[in-house]
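Listed below are the residues making up each chain.
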Amino acid sequence: MSEAKTHKRVIQGKVVSIAGAKSAVILVERKVVHARYRKIVKRFKKYIIHDEENKSKVGDVISAIECRPISKRKAFKLKEILQVGVSE
C-alpha cells in the first residue's frame, strides 16, 4: 500500500538558447572545492530541458525537474520560471 516515492533532482540555471520546438538549453553553475588547491571553483554543465508550452526565453532563470527520458539527451522538464531575463 505504501509506495516509496523516488526523489527527483531539481536543477536551476539560465536559459542560453532555444533548441528547437519545446526544448531549451540551460547552463547550470555549481561551486566545488578543488581537490589539490582547496579553492572554490565554478563548474558548468548544459542540460536540454523539455518546455511544453515554449514559455522560457533566452536569459530567463528557471528550475527544471527530472523526468523520464524524452529523447537521447533530454531528461528534465520545466518546473517554473524563477526570474524573467532582460528582453533585448
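Residues numbered from 1 in each chain as written. Predicted model: local features only at pLDDT ≥ 70, side-chain atom pairs only at ≥ 80, totals over all residues. Heavy atoms only, no water.

You'll find the protein chain entered in an unreviewed UniProt entry as Small ribosomal subunit protein uS17, with Helicobacter saguini given as the organism. Checking UniProt for the protein chain, the heading Subunit (unreviewed entry) contains the comment "Part of the 30S ribosomal subunit." (UniProt positions renumbered as here; feature names shortened; annotations may be inferred.)

A. The arrangement of the overall build of the protein chain in detail. A tally of regular secondary structure across the protein chain gives zero helices and five strands. A globule of 88 residues ought to have a C-alpha radius of gyration of about 12 Å, yet the protein chain, at 15 Å, is considerably larger. Projected onto the principal axes, the alpha-carbon positions of the protein chain cover approximately 50 × 45 × 25 Å. Residues counted as buried form 27% of the 88 residues belonging to the protein chain. Contacts in the protein chain between residues at least 24 apart in sequence constitute 46% of all its contacts with a sequence separation of at least 6. Surface accessibility of the protein chain: about 7,000 Å² in total, with carbon and sulfur atoms responsible for 52%. Each charge sign in the protein chain was given a centre, from 22 positive and 9 negative side chains, and these centres are 10 Å apart. (Helix = DSSP H or I, 4+ residues; strand = E, 2+ residues; numbered from the N terminus. Rg over C-alpha atoms; globule rule 2.2 N^0.38 Å. Buried < 20%, exposed > 50% of the residue type's maximum accessible area, 1.4 Å probe, protein only. Contact = heavy atoms within 4.5 Å. Areas by Shrake-Rupley, 256 points an atom, 1.4 Å probe, with all protein chains shown as cover. Lys, Arg positive; Asp, Glu negative; His and termini not counted. Charge placed at Lys NZ, Arg CZ, Asp CG, Glu CD.)

B. Quick look at the sheet that holds strand 4 (residues 61-66). Spatial ordering of the closed barrel is given by 1-2-3-5-4, a layout of five strands whose pairing is mixed. The sheet shows a mean angle of 50 degrees between the axes of neighbouring strands, direction not considered. Note that strand 3 (residues 40-50) and strand 5 (residues 74-83) share three bridges and pair parallel. Residue Ile49 lies in a different strand from strand 5, and its bridge partner there is Phe76. (Pairing = 2+ DSSP bridges. Axes fitted to C-alpha atoms, helices over the stretch in contact; angles between N-to-C directions.)

C. Quick look at the nonpolar core. Counting eleven residues, the largest nonpolar core is built from Ile11, Val15, Ala24, Ile26, Val28, Tyr47, Ile49, Ile62, Ala64, Phe76 and Leu78. Elements that contribute at least two residues to this core include exactly strand 1 (10-18), strand 2 (23-33), strand 3, strand 4 and strand 5. If you tally residues by element for this core, the top one is strand 2, at three residues. Look past the residues within four positions of Ile26 in its chain and what remains in contact with it is Ile11, Gly13, Lys14, Val15, Val16, Lys45, Lys46, Tyr47, Ile49 and Ile62. (Core = buried A, V, L, I, M, F, W, Y, C linked by side-chain atoms within 4.5 Å.)

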